[in-house]
Amino acid sequence: MSAQAIQSRREWLLSERPASRTQARLGRAYVAWRRFSANRLAFVGLLIIIALLLVAILAGVLAPYSPTFGDLKNARLLAPTAQHWFGTDDLGRDIYSRILYGSRWTLYVVVLVAIIAAPIGLLVGTVAGYAGGWTDAILMRVTDIFLAFPKLVLALAFVAALGPGIENAVLAIAITSWPPYARIARAETLTVRNSDYIKAVQLMGASPFRIVLRHIMPLCISSLIVRVTLDMAGIILTAAGLGFLGLGAQPPLPEWGTMIASGRRFILDQWWVAGAPGFAILIVSLGFNLLGDGLRDALDPRSGDQ
């Protein structure tokens, strides 16, 4: 594509008077991408998350050994070498292969928690903010009850009631993660509830359900995306904490928290058993935090074009 064509396409995207909704949406996305790409740390975070996705998809190709079976006789607690990059654990399993497969469980947890918790928080917050009155009071008091307990302690209580397992851990984390999203959605709804835009929709005869679903919820999406991305690191740490305590993923699943729990007995002499999955958690959590900071700046309508 020639430089002139690129310039023409850029002017079309940045037009102050878009001719269609598609042009307006593409223009907003282009401006947000420019803001995001100008933040180098945010771009590093994006690369880390893309690498995590690729590793999870290609784990079966990249892993040189089985994540669940090892050589207990000849390969127990071997230090990192060219044959075993991250060493082996107490059962002779290759830690590098287990970390690669463990990325799948990490994505499994964060995606399911986001899918469950974010819609619940969005629905509760928008309904409470738009309805007001006793509906708002009841929903927000329920939210306050959940916020009154530390997330990990509340998740431990739910997992103890439901029983150990990765699915129950995901459900427990999701149940404890939605209140902040509800607070954000309610604040956004209170900001726009009495705006001329919403008043015009009401005069056109739209029902409260349609107003909340079609006109208020979309306005809360950007703030919710930023908060969910920033919470991913906390979700990973909570899942790892549950796994460490034996209430999350159960052996022989190669979940990073469970790997740290099994390696804590050898932390002084064979540090790599717990150190390698701990470093993986650190890198992925850092990636999500950097990505969330970049999205917050990119999706903030008050930010100037860079």
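Above this text is the structure in question.
To start, this report covers the structure provided alongside it. (Residues numbered from 1 in each chain as written. Predicted model: local features only at pLDDT ≥ 70, side-chain atom pairs only at ≥ 80, totals over all residues. Heavy atoms only, no water.)

## A closer look at the overall build of the protein chain
Working step 1: The secondary structure content of the protein chain amounts to 12 helices and zero strands.
Working step 2: Traced from its N-terminal end to its C-terminal end, the protein chain shows the element sequence α-α-α-α-α-α-α-α-α-α-α-α.
Working step 3: Taken over 306 residues, the protein chain has a buried fraction of 43%.
Working step 4: Taking all contacts inside the protein chain whose residues are at least 6 apart in sequence as the whole, residues at least 24 apart take part in 70%. (Helix = DSSP H or I, 4+ residues; strand = E, 2+ residues; numbered from the N terminus. Buried < 20%, exposed > 50% of the residue type's maximum accessible area, 1.4 Å probe, protein only. Contact = heavy atoms within 4.5 Å.)

## Observations regarding helix α5 (residues 95-131)
Working step 1: Its 37 residues place the ends of α5 53 Å apart at the C-alpha level, agreeing with the 54 Å of an ideal helix rising 1.5 Å per residue.
Working step 2: The positive-phi residue at the C-terminal boundary of α5 is G132, with phi of around 65°. (Expected span 1.5 Å × (residues − 1).)

## Remarks on the nonpolar core
Working step 1: V109 and W256 are the most contacted members of the largest nonpolar core, which totals 63 residues.
Working step 2: When contributions to this core are tallied by element, the ones reaching two or more residues are α3 (40-57), α5, α7 (151-162), α8 (166-192), α9 (196-203), α10 (208-244), α11 (256-263) and α12 (272-298).
Working step 3: Not counting the four nearest positions on each side in its chain, V109 is found in contact with I166, V170, I173, I235 and A239. (Core = buried A, V, L, I, M, F, W, Y, C linked by side-chain atoms within 4.5 Å.)

## Observations regarding the packing of α3 against α5
Working step 1: Across the interface, α3 lies against α5 with an axial gap of 8 Å and an inter-helix angle of 115°. Relative to α5, the element α3 lies roughly perpendicular. Crossing hand, α3 versus α5: left-handed. Note on element contacts: α5 touches α3 through L100, S103, R104 and L107, opposite L52, L53, V55, A56 and I57.
Working step 2: A class-by-class count of the residues in the contact of α3 with α5 yields seven nonpolar, one polar and one charged. (Axes fitted to C-alpha atoms, helices over the stretch in contact; angles between N-to-C directions. Parallel < 35°, antiparallel > 145°, perpendicular 65-115°, else oblique. Left-handed = near helix turned anticlockwise from the far one by under 90°. Nonpolar A, V, L, I, M, F, W, Y, C, P; charged D, E, K, R; others polar.)

## Quick look at the environment of G92
Working step 1: Of note, G92 is situated in the loop between α4 (59-62) and α5.
Working step 2: Overall, the relative accessible area of 5% leaves G92 in the buried class.
Working step 3: Separated by 87 residues in sequence, G92 and P179 place their C-alpha atoms 43 Å apart.
Working step 4: With residues up to four places along the chain from it excluded, the contact list for G92 reads G70, D71, L72, A75 and R76.

## With respect to the environment of D144
Working step 1: Assignment of secondary structure puts D144 in helix α6 (residues 133-147).
Working step 2: Since its relative accessible area comes to 27%, D144 is described here as partly exposed.
Working step 3: A sequence separation of 36 residues divides D144 from P180, and the C-alpha atoms of the two residues are 9.7 Å apart.
Working step 4: Reaching out from D144, the side chain makes a polar contact with the side chain of R141 at a distance of 2.9 Å.
Working step 5: Within the structure, D144 has its side chain in polar contact with the side chain of R183 (distance 2.2 Å). (Polar contact = N/O pair within 3.5 Å; in protein donor to acceptor, adjacent residues only side chain to side chain.)

## Focus on a nonpolar patch on the surface
Working step 1: Taken together, the side chains of W33, F43, L47, I50, L53, L54, I57, L58, V61 and L62 define a hydrophobic patch exposed on the protein surface, amounting to about 940 Å² of accessible area.
Working step 2: Elements that contribute at least two residues to the nonpolar patch include exactly α3 and α4.
Working step 3: Counting residues per element, the nonpolar patch draws most heavily on α3, which supplies six residues.
Working step 4: Turning to its location among the elements, L54 is positioned in helix α3.
Working step 5: L54 gets classed as partly exposed once you look at its relative accessible area, which sits at 47%. (Patch = residues over 30% accessible without salt bridge, like charges linked within 9 Å, V, L, I, M, F, W, Y side chains within 5 Å. Areas by Shrake-Rupley, 256 points an atom, 1.4 Å probe, with all protein chains shown as cover. Salt bridge = Lys/Arg side-chain N within 4 Å of Asp/Glu carboxyl O.)

## Let's talk about the side chain of T88
Working step 1: Structurally, the position occupied by T88 is in the loop between α4 and α5.
Working step 2: By relative accessible area, which is 0% here, T88 ends up buried.
Working step 3: For T88, the side chain forms a polar contact with the main-chain oxygen of A75, separated by 2.6 Å.
Working step 4: Engagement of the side chain of T88 in a polar contact is seen with the backbone nitrogen of L77, the distance being 3.2 Å.
Working step 5: With sequence-adjacent residues up to four places away left out, T88 is seen in contact with A75, R76, L77, L78, R93, D94, I95, W272 and V273.

## Points about the pattern of salt bridges
Working step 1: In this structure the tally under the stated criterion is eight salt bridges.
Working step 2: The residue R186 makes a salt bridge to D136 at a minimum N-O spacing of 2.8 Å. Separated by 50 residues along the polypeptide, R186 in helix α8 and D136 in helix α6 bring together distant segments of the chain.
Working step 3: Linking R227 and D231 is a salt bridge whose minimum nitrogen-to-oxygen distance equals 3.1 Å. Of the two residues, R227 and D231 are both situated in helix α10; the distance of four residues between them amounts to about one turn of the helix.
Working step 4: When salt bridges that share partners are traced, they join D89, R93 and R98 into one network.

## As for the side chain of R98
Working step 1: Considering the arrangement of structural elements, one finds R98 in helix α5.
Working step 2: There is a polar contact of 3.5 Å between the side chain of R98 and the backbone oxygen of P252.
Working step 3: Discounting chain neighbours no more than four positions away, the residues touching R98 are P67, T68, D89, R93, P252, L253, P254, W256 and M259.

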